[in-house]
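# An overview of the molecular structure
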Amino acid sequence: MSPQSMKERLEKAYPEGTVEVEDLTGTEDHYQVRIVAKAFEGKPLLECHRAVLGLFDLELKSGEVHALSIKTKAKE
Amino acid sequence: MNEIVKKRIDEMLEQSPVFVFMKGTPEFPMCGFSARAVGALKASNARFSSFNVLDDDEIREGVRHYANFPTIPQIYIKKQLVGGSDIVMELYESGELQKMVKDSAGN
């Protein structure tokens, strides 16, 4: 999965937020994402991560995305 | 999910208040994320049991559905999913993990 399509999907899911995507290995399968969005406010971390991971369920299952490290915050 | 697999996971989580599904073993983790999670638990003085999902495809697939969380490692405390390596690292850095580990051993 390309960094652009990962970013697009996250931005679509969190249109009011800011999204950063880093391809950790340059191989388009190990990613680190950072999302700052109001949608995370007051939510348990587990729920926030579950929501983000859920966006990439197919890619994680197929192995197209092997690793996805996540940071979610409600505000900077 | 398959009832037999669910039951196997239930039984594993009974083994220890702190339990990790990981790739590899605590001594020889086979993935950086599993290594980080185990490192945080060790640094929190946690006594924990683990299961190497690379040894068992049924469990590897089953834990994706068990707590509705698609990645490995998964760290459970008292049979509840705490999260994956990112969450465990954040909890460790804030000092929360150490508390959770201590509380889980107390009862």
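For the structure itself, consult the block above.
Just so you know, these numbers come straight off a predicted model, no measurement behind them.

### Description of the overall build of chain A
A tally of helices and strands in chain A yields three helices and three strands. Overall, chain A shows an N-to-C arrangement of helices and strands of α-β-β-α-α-β. Computed over the C-alpha atoms, the radius of gyration of chain A is 12 Å, within 12% of the 11 Å expected from 2.2 N^0.38 for a compact globule of 76 residues. By its C-alpha atoms, chain A is 35 × 20 × 20 Å across when sized along the principal axes. Out of the 76 residues in chain A, the part that is buried amounts to 21%. Restricting the contact set of chain A to residue pairs at least 6 apart, pairs at least 24 apart contribute 45%.

### Re the overall build of chain B
For chain B, the helix and strand inventory stands at five helices and four strands. Taken from N to C terminus, the helices and strands of chain B fall in the order α-β-α-β-α-β-β-α-α. Against the globule reference of 13 Å for 107 residues, chain B gives a C-alpha radius of gyration of 13 Å, in line with a compact fold. Counting only C-alpha atoms and orienting by the principal axes, one finds that chain B spans roughly 35 × 30 × 20 Å. Here chain B, with 107 residues, has 44% of them falling under the buried criterion. Considering only residue pairs separated by 6 or more positions, chain B has 65% of its internal contacts joining residues 24 or more positions apart.

### Notes on the packing of helix α2 (residues 45-54) of chain A against helix α4 (residues 85-93) of chain B
Put simply, α2 of chain A and α4 of chain B touch, their axes get as near as 10 Å, and they point 150° apart. As summarised for this structure, α2 of chain A and α4 of chain B are arranged roughly antiparallel, according to the angle between their axes. Taken as a pair, α2 of chain A and α4 of chain B cross one another with a handedness that is right-handed. Within the contact between the two elements, α2 of chain A uses Leu 45, Leu 46 and His 49 of chain A and α4 of chain B uses Asp 86, Ile 87 and Glu 90 of chain B. Looking at the contact of α2 of chain A with α4 of chain B residue by residue, the class counts come to three nonpolar, one polar and two charged.

### Details of the interface of chain B and chain A
With 11 residues of chain B at the contact, the number on the chain A side is 13 residues. Elements with a minimum of two residues in the side of chain B that touches chain A: β4 (80-83) and α4 of chain B. Examining the composition of the side of chain B that touches chain A, we find that three residues originate from one element, α4 of chain B, more than from any other. Within the side of chain B that touches chain A, the residues separate by chemical class into five nonpolar, four polar and two charged.

### Some points on the packing of helix α2 (residues 32-43) of chain B against α4 of chain B
All names here are of chain B. Look at α2 against α4: their axes get within 9 Å of each other, and the N-to-C directions meet at 30°. With respect to each other, α2 and α4 are oriented roughly parallel. As α2 runs across α4, the sense of the crossing is left-handed. On α4, the residues that touch Phe 33, Arg 36, Ala 37, Ala 40 and Ala 43 of α2 are Ser 85, Val 88, Met 89 and Tyr 92. Of the residues that constitute the contact of α2 with α4, the class distribution is seven nonpolar, one polar and one charged.

### Overview of the sheet that holds β4 of chain B
All names here are of chain B. Read from one edge to the other, the open sheet built from four strands follows the order β2-β1-β3-β4, with strand pairing classed as mixed. Two strands bound the open sheet, and with one partner strand each, they are β2 (49-52) and β4. Between one strand axis and the next, the sheet turns through 25° on average, direction left out of account. The pairing of strand β3 (residues 74-77) with β4 spans three bridges and is antiparallel.

### As for the sheet that holds strand β3 (residues 67-73) of chain A
Residues and elements named next belong to chain A. Pairing is mixed in the open sheet, where three strands are placed in the order β1-β2-β3. Looking at the sheet topology across the chains shown, the edges are occupied by β1 (18-23) and β3. On average, each strand axis in the sheet is inclined to that of its neighbour by 10°, with strand direction left out of account.

The rules behind the values
- For every chain, the first residue of the written sequence is number 1, and numbering continues from 1 onward in sequence order.
- Here chains are named by letter from A upward and ligands by number from 1 upward, in the order in which they appear as written.
- Owing to the predicted nature of the model, reporting of local features is limited to residues with pLDDT of at least 70; listing and counting of side-chain atom pairs is limited to 80 or more, with chain, interface and lining totals taken over all residues.
- Every helix listed is a DSSP run of H or I at least four residues long, and every strand listed is a run of E at least two residues long, numbered separately from the N terminus.
- The atom set for the radius of gyration is the C-alpha atoms, and the globule formula is 2.2 Å times the number of residues raised to the power 0.38.
- Buried means a residue has 20 or more other C-beta atoms within 10 Å of its own C-beta, exposed means 12 or fewer, and partly exposed covers the counts in between; C-beta atoms are placed from the backbone.
- Remark: residues whose backbone-derived C-beta atoms lie within 7 Å of one another are considered to be in contact.
- For helices, the axis comes from a line fit to the C-alpha atoms of the stretch in contact; other axes are also lines fit to C-alpha atoms, and the angle between any two N-to-C directions lies between 0 and 180 degrees.
- For classification, angles of less than 35 degrees are called roughly parallel, those exceeding 145 degrees roughly antiparallel, those between 65 and 115 degrees roughly perpendicular, and all remaining angles oblique.
- Helix crossings fall into two classes, left-handed where the near helix is turned counterclockwise from the far one by less than a right angle and right-handed where it is turned clockwise.
- Asp, Glu, Lys and Arg are counted as charged, while Ala, Val, Leu, Ile, Met, Phe, Trp, Tyr, Cys and Pro are counted as nonpolar; the rest, among them Gly, fall into the polar class.
- When DSSP finds two or more bridges between two strands, those strands count as paired.

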